[in-house]
Each structure stands twice: as C-alpha cells, then as structure tokens.
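Chain and residue survey
Given next are the chains, with one letter for each unit.
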Amino acid sequence: MHKTYFHIMAVMLPLAAIVAAVINKLKIEVPVGYQDENGFHIGTSRTGNKVNWPPFW
C-alpha cells in the first residue's frame, strides 16, 4: 500500500464525518397539518368538514 492512500484516507474520513454532521444539523422537517380560519393545526384535517371532490357528483 502506498503512503498516498493512507494520507487520503486520513484526511477523507474526518472530512466525511464533518460533512455528515453538518447535513444532520441542516435537516428540515415540515409539519403536516391544515389551516383554517383559526390558524394552522398540526395533524390531519377535521373529519366534519370533508369536501367531496368533485362537488357536482
């Protein structure tokens, strides 16, 4: 094994760990919910106000 491969691995392994940590910090989770006249509610929509689509059937 050449010395060059050792140096590449010695640099790339910590660099890969840093990149993985940064990607983990930047993950964005979008909440699932619905919005009505009272604001945004997390979760599924209300069951009482279901809209039958298409409305002319």
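For the structure given in this document, a descriptive report is provided here. (Residues numbered from 1 in each chain as written. Predicted model: local features only at pLDDT ≥ 70, side-chain atom pairs only at ≥ 80, totals over all residues. Heavy atoms only, no water.)

1. Some thoughts on the overall build of the protein
Rules: In this description a helix means any DSSP run of H or I spanning at least four residues, a strand means any run of E spanning at least two, and both kinds are numbered starting from the N terminus. Accessibility here uses a 1.4 Å probe with only protein chains present; expressed as a share of the type maximum, an area under 20% marks a residue as buried, one over 50% as exposed, and anything in between as partly exposed. What sets the accessible areas is the Shrake-Rupley method with a 1.4 Å probe; for residues, cover comes only from the shown protein chains.
The number of helices and strands found in the protein is one helix and two strands. Reading the secondary structure of the protein in the N-to-C direction produces α-β-β. The proportion of buried residues among the 57 residues of the protein is 5%. Entry remark: accessible area of the protein is about 6,000 Å², with carbon and sulfur atoms responsible for 66%.

2. Remarks on the side chain of D36
Here is the rule: Here a polar contact is recorded for every N or O atom pair within 3.5 Å, except that within protein the pair must consist of a potential hydrogen donor and a potential acceptor, and residues adjacent in sequence are included only if both atoms are side-chain atoms.
The residue D36 is located in strand β1 (residues 33–36) in this model. Among the polar contacts made by the side chain of D36, one reaches the main-chain amide nitrogen of N38 at a distance of 3.0 Å.

3. Regarding the pairing of strand β2 (residues 39–42)
Within a regular strand, the side chains alternate between the two sheet faces. Counted only if it meets this: Think of it this way: DSSP has to see at least two bridges between two strands before they count as a pair.
As defined by bridge partners, β1 adjoins β2 across four bridges and the pair is classed as antiparallel. Bridge pairing in β2 places Q35 opposite F40. Hairpin geometry of β1 and β2 is characterised by an intervening segment of two residues between the two adjacent antiparallel strands.

4. What about a nonpolar patch on the surface?
To keep things clear, this is the line we draw: Patches were defined on residues exceeding 30% relative accessible area and lacking a salt bridge, with like-charge contacts within 9 Å and nonpolar side-chain contacts (Val, Leu, Ile, Met, Phe, Trp, Tyr) within 5 Å. A pair is scored as a salt bridge if a Lys or Arg side-chain nitrogen falls within 4 Å of a carboxyl oxygen belonging to Asp or Glu.
Taken together, the side chains of Y5, I8, V11, M12, L15, V19 and I23 present a nonpolar region at the surface, about 670 Å² in accessible area. Within the fold, M12 resides in helix α1 (residues 3–25). In this structure M12 comes out as partly exposed when scored by relative accessible area, which is 43%.

Read these as geometric descriptors, not functional statements.
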